[in-house]
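Analysis of the macromolecular model
If you want the building blocks of each chain, they are given just below.
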Amino acid sequence: MAAVLVPAAPSIGPRTVIELRRGLSRLRVVTRAAILSLLWPIGLAAQESGVPPLQGQALLGDTVLTSGTVVLHRVTSEDQGEIDSVAVGRDGSFSFNLPEPPLGAADRFYFASLRHQGILYFGSPLSDVAQLDSIYRIQTYDTAMVAAGGADIPIQARNLFFEPNGEEWRVTDIFQLRNDFGRTLVAPEDGEVWSYLLLEGARDFSSGQDGFSLDGTSIRDGSVVVRAAIAPGERVFVFRYTVDELFGEVPTPGLTEAFDLLVREPSPRVGVEGLELVGRVEVEEGSTYRRYSGTSIGSGRVRVVEAQQPGDLPLPWITVVVALALAGVALWVTRDMRRPVEAVAGRPTRRAGGRAARRQVLLLEVARLDEAFESEVDRTPEQRAEYEARRTELLGELTAGS
C-alpha cells in the first residue's frame, strides 16, 4: 500500500511544543481530514466576493513538478471525498473551479493532494474565499530509502508528560523531528524510517490525540517504530503509553536539542537528574505541571528520582523531626524550671541542659530550612548556595556540640 504523507508541521520552536500539547488536548472534530487541517498553516488574503478558481502549482523540492495528477477534496461537517482531478502542466500549474465557496474548517473546506514516487502529499486547507487570491502550492520531494534499522533523524524538541492514573502513570511523549536530508525518507520492506527507545515497561501504546491515530506507528521491544514516510522539515509525533513507575531512567539515545519533562501535580517529591527545575506551567485550565528543562541532552543523561538533597531527610521524617524537636525543647524547659542547680561532672546541670536544648533547636532549624527549600519551586543558584552554606553551618554546630 502506498504511503500517505502529511505535510510537515510549521516550525513551533523547541520551547513551544507545550502549546501543541494544549492544542491537541482540545481537538474535537468529526473527520480525520479536519484534524489534519488544524496542523496546516493557513495564509489569509483580502476578502473578495464570489468564488474565483483555485490556481495552484506543484513543487518538487526547490523547482516545479512537471507531471502528475492533482486531486481536489471537499470536507464538510457531514461527509468528505474526492470531487475532481486534473493533470499538472509542464510549469507545475493546475486549476480547479470550486462548486461552492469554502465556509471555514468547521463547515466546508477544500484541499488538494498529489502523489509523487508513491507518496501522497497534501496542500493546505482552503477554508476562506480570500485564500484563493494566492497561488495554492503542493510541496513534494524525491524519496530516499533509509537503512534497514532506520535513519538517525535529529530530535529538535521532546516534551514528556507524566500524569498519575491510579497506581500507574499515563505518559504523553511528544517528539519534534527535523528531517535535514532534503528528501522524503521511506522505509525498506518490513523496515522502519525511525525508532526510539521508550520508558521501561511501556504498554497500552497509542499514537495521535483524541481519536486521531498516526498511521505507520507501533511499539516493538520497548521502542516506538515509525514506518510512515517523513518529509523534509519538521514533523511532530505524539505517542501515549502507560508505565508502572515514575522513578527511573528516561532513555535518551542520541542527542535531543531541547528536552522538557513535566509531572502533573499533585505528585510525589520529584527531582530530574540531567534537567533543571524551571517552575510550574499550566498546560490546560486547572492542570498544573512541574517543568524540568534542558538543552543538548545526550544519551543516559536523564533520570527521575525522589527529590532529596544529600543528607536530607524525606518529607515524612522532616515532619517527625520537627515534632520531636518541639517536644524535646518543651520537655527540657519544664524539667529545667523544676530542677535545682547541682554540680554534675563539675558543671551546673542547667548548663548541660542548655547544650541539649541548643541541639534540639538546631535540629528544628535544619528541618525547617530543608522543608522551606524543598517547597520553593523557582530556586536560583544563589538561593541554593545560601541554603547549602547555612545547612553546612548548622550541621557543623551540631557536630561540634555532640
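Note that the structure is a prediction, hence the values are computed from the model and not measured.

Attention shifts here to the overall build of the chain. Helices and strands together make up the secondary structure of the chain, namely five helices and 26 strands. Look at the contacts in the chain between residues 6 or more apart in sequence, and 73% of them connect residues 24 or more apart.

On inspection of all chains with the given rule, the structure shows 13 salt bridges. In this structure, Glu100 and Arg108 form a salt bridge, with 3.9 Å as the shortest nitrogen-oxygen distance. When its relative accessible area of 13% is taken as the criterion, Arg108 is described as buried. Note that Asp204 is salt-bridged to Arg203, the shortest N-O span being 3.9 Å. Overall, the relative accessible area of 27% leaves Arg203 in the partly exposed class. Several salt bridges converge on common partners, so that one network encompasses Glu168, Arg203, Asp204 and Asp244.

The next thing to look at is the sheet that holds strand β15 (residues 203–207). Across the sheet, seven strands lie side by side as β15-β18-β12-β11-β20-β23-β22; this open sheet has mixed pairing. In this open sheet, the two strands that pair with only one neighbour each are β15 and β22 (276–284). Neighbouring strand axes in the sheet, compared pairwise and without regard to direction, differ in orientation by 20 degrees on average. Here three bridges tie β15 to strand β18 (residues 233–243), and the two strands are oriented antiparallel to one another. By the bridge assignment, Ser207 is partnered in β18 with Phe239.

Attention now goes to the sheet that holds strand β21 (residues 270–273). The three strands lie next to each other as β19-β24-β21, forming an open sheet whose pairing is antiparallel. In this open sheet, the two edge strands, each paired with only one partner strand, are β19 (248–250) and β21. Across this sheet, the average inter-strand angle for adjacent strands is 25 degrees, counted without regard to direction. As paired strands, β19 and strand β24 (residues 302–306) are joined by three bridges and run antiparallel to one another. Each bridged residue has a counterpart across the sheet, and for Gly248 the counterpart in β24 is Val304.

All right, on to the packing of aromatic side chains then. Taken as a whole and judged by the stated rule, the model has 11 aromatic pairs. Ring geometry for Phe161 against Tyr289: centres 5.6 Å apart, planes inclined by 85 degrees, an arrangement best described as edge-to-face. Of this pair, Phe161 sits in strand β11 (residues 155–165) while Tyr289 sits in strand β23 (residues 287–297), and the two are 128 residues apart along the sequence.

Turning our attention to the pairing of β18. Counting buried positions along β18 yields 10 of 11 residues, so the element is predominantly enclosed. Pairing geometry for strand β12 (residues 168–179) and β18, over 11 bridges, is antiparallel. Across the sheet, the residue bridging to Arg170 is Thr242, located in β18.

Let us now look at the side chain of Thr256. The residue Thr256 is located in strand β20 (residues 256–264) in this model. Beyond its immediate chain neighbours, meaning those up to four positions away, Thr256 contacts Ile155, Arg158, Tyr196, Thr295, Ser296 and Ile297.

With that settled, consider the pairing of β24. Of the strand pairs in this sheet, β21 and β24 are connected by four bridges, and their pairing is antiparallel. Bridging from a neighbouring strand, Glu273 pairs with Arg303 of β24.

Here we take up the confidence of the model for the chain. Here the chain averages 78 in pLDDT, and 67% of its residues register 70 or above. Long-range and interchain partners of residues 6–17, a stretch whose pLDDT sits below 50, account for 36 contacts in this model, where long-range means more than four residues apart.

Moving on, we get to the environment of Thr69. Along the polypeptide, Thr69 turns up in strand β4 (residues 69–76). Using a relative accessible area of 44% as the deciding quantity, one classes Thr69 as partly exposed. If we ignore the near neighbours within four places in the chain, the residues touching Thr69 are Ser85, Val86, Ala87, Val88, Ser113, Leu114 and Arg115.

One can expect most non-glycine residues to show negative phi and most peptide bonds to be in trans. Of note, the bond from Glu265 into Pro266 is cis; its omega dihedral lies within 30 degrees of zero at 0 degrees. Inspection of the secondary structure puts Pro266 in the loop between β20 and β21. The phi dihedral of Gln117 is positive, around 50 degrees, even though this residue is not glycine. Notably, Asp221 is not glycine yet its phi reads approximately 50 degrees, a positive angle. Checked against the element boundaries, Asp221 lands in the loop between β16 (217–220) and β17 (223–226).

Conventions we followed
Residues numbered from 1 in each chain as written. Predicted model: local features only at pLDDT ≥ 70, side-chain atom pairs only at ≥ 80, totals over all residues. Heavy atoms only, no water. Helix = DSSP H or I, 4+ residues; strand = E, 2+ residues; numbered from the N terminus. Contact = heavy atoms within 4.5 Å. Salt bridge = Lys/Arg side-chain N within 4 Å of Asp/Glu carboxyl O. Buried < 20%, exposed > 50% of the residue type's maximum accessible area, 1.4 Å probe, protein only. Pairing = 2+ DSSP bridges. Axes fitted to C-alpha atoms, helices over the stretch in contact; angles between N-to-C directions. Phe/Tyr/Trp six-rings, centres within 6.5 Å; stacked < 30°, edge-to-face > 60°. pLDDT = per-residue confidence, 0-100.

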